[in-house]
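Summary of the model geometry
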Amino acid sequence: NAIWIAIDVDHNKASLLLDAHWIFQLGENFFCTYFTGELMIRFFAFKKKRDIIKDKWFLFDSVLVLFMIIETWIITIVMLAAGIRSSANLGSMSMLRMVR
């Protein structure tokens, strides 16, 4: 994932996933699916679900995956539903990439 982030930062000039080359879209969706699946497996591994609150690493990873889901899937769906196909005048959206 670290290597992919380095490649993405160096070569992907688009501020939104909709504007990116298809290989970057594929990579982002792959990692988002992978990390979501990993988090779900870890979630179901807890015998007592209330123990999730005690596991700080799980909570930290949950926040990271949540940000990734918002950036990769939610924003894309909202932009497509609103009919917006370009990131023109949406500079604040690139803040999500910096937060991640």
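These remarks concern the structure in this document. (Residues numbered from 1 in each chain as written. Predicted model: local features only at pLDDT ≥ 70, side-chain atom pairs only at ≥ 80, totals over all residues. Heavy atoms only, no water.)

As a further point, take the overall build of the protein chain. On a plain count of helices and strands, the protein chain comes out with 4 helices and 0 strands. Across the protein chain, helices and strands are ordered from the amino to the carboxyl terminus as α-α-α-α. The long-range fraction of contacts in the protein chain, counting pairs at least 24 apart against all pairs at least 6 apart in sequence, stands at 57%. Roughly 7,100 Å² of accessible area belongs to the protein chain as shown, and the carbon and sulfur atoms make up 71% of that amount. (Helix = DSSP H or I, 4+ residues; strand = E, 2+ residues; numbered from the N terminus. Contact = heavy atoms within 4.5 Å. Areas by Shrake-Rupley, 256 points an atom, 1.4 Å probe, with all protein chains shown as cover.)

Tallying each qualifying case throughout the model produces 2 salt bridges. Arg 42 is the salt-bridge partner of Asp 61, the closest N and O atoms lying 2.5 Å from each other. Of this pair, Asp 61 sits in helix H3 (residues 56–82) while Arg 42 sits in helix H2 (residues 22–45), and the two are 19 residues apart along the sequence. The class for Asp 61 is partly exposed, based on a relative accessible area of 23%. (Salt bridge = Lys/Arg side-chain N within 4 Å of Asp/Glu carboxyl O. Buried < 20%, exposed > 50% of the residue type's maximum accessible area, 1.4 Å probe, protein only.)

Now for H2. Along an α-helix, residues three or four apart share an orientation, since each turn contains 3.6 residues. Counted at 1.5 Å a residue, the expected span for H2 with its 24 residues is 34 Å, and the 34 Å between its end C-alpha atoms agrees. When we look at burial in H2, the residues that qualify are Phe 24, Gly 27, Glu 28, Phe 31, Cys 32, Phe 35, Thr 36 and Leu 39. In this structure, the buried residues of H2 make contact with helix H1 (2–11) and H3. (Expected span 1.5 Å × (residues − 1).)

Another point: the nonpolar core. In this structure, Phe 31, Phe 35, Phe 58 and Met 68 are the most contacted members of the largest nonpolar core, which totals 13 residues. Put simply, the parts of the chain that give this core at least two residues each are H2 and H3. Other than its neighbours up to four places away in sequence, Phe 35 contacts Asn 1, Val 65 and Met 68. (Core = buried A, V, L, I, M, F, W, Y, C linked by side-chain atoms within 4.5 Å.)

H2 packs onto H1 with a crossing angle of 150° between their chain directions and a minimal axis gap of 11 Å. Between H1 and H2, the angle is such that the two are roughly antiparallel. H2 is crossed by H1, and the crossing has left-handed handedness. Each of Trp 4, Ile 7, Asp 8 and His 11 in H1 lies in contact with H2, whose residues at this interface are Ile 23, Phe 24, Gly 27, Glu 28 and Phe 31. Tallied by class, residues from the contact of H1 with H2 come to 5 nonpolar, 2 polar and 2 charged. (Axes fitted to C-alpha atoms, helices over the stretch in contact; angles between N-to-C directions. Parallel < 35°, antiparallel > 145°, perpendicular 65-115°, else oblique. Left-handed = near helix turned anticlockwise from the far one by under 90°. Nonpolar A, V, L, I, M, F, W, Y, C, P; charged D, E, K, R; others polar.)

Looking now at a nonpolar patch on the surface. A surface patch of nonpolar side chains, amounting to about 330 Å² of accessible area, comprises Trp 22, Ile 23 and Leu 26. Its location among the elements puts Trp 22 in helix H2. We classify Trp 22 as exposed; its relative accessible area is 56%. (Patch = residues over 30% accessible without salt bridge, like charges linked within 9 Å, V, L, I, M, F, W, Y side chains within 5 Å.)

Let us look at the environment of Lys 13. Mapped onto the fold, Lys 13 is located in the loop between H1 and H2. What makes Lys 13 exposed here is its relative accessible area of 69%.

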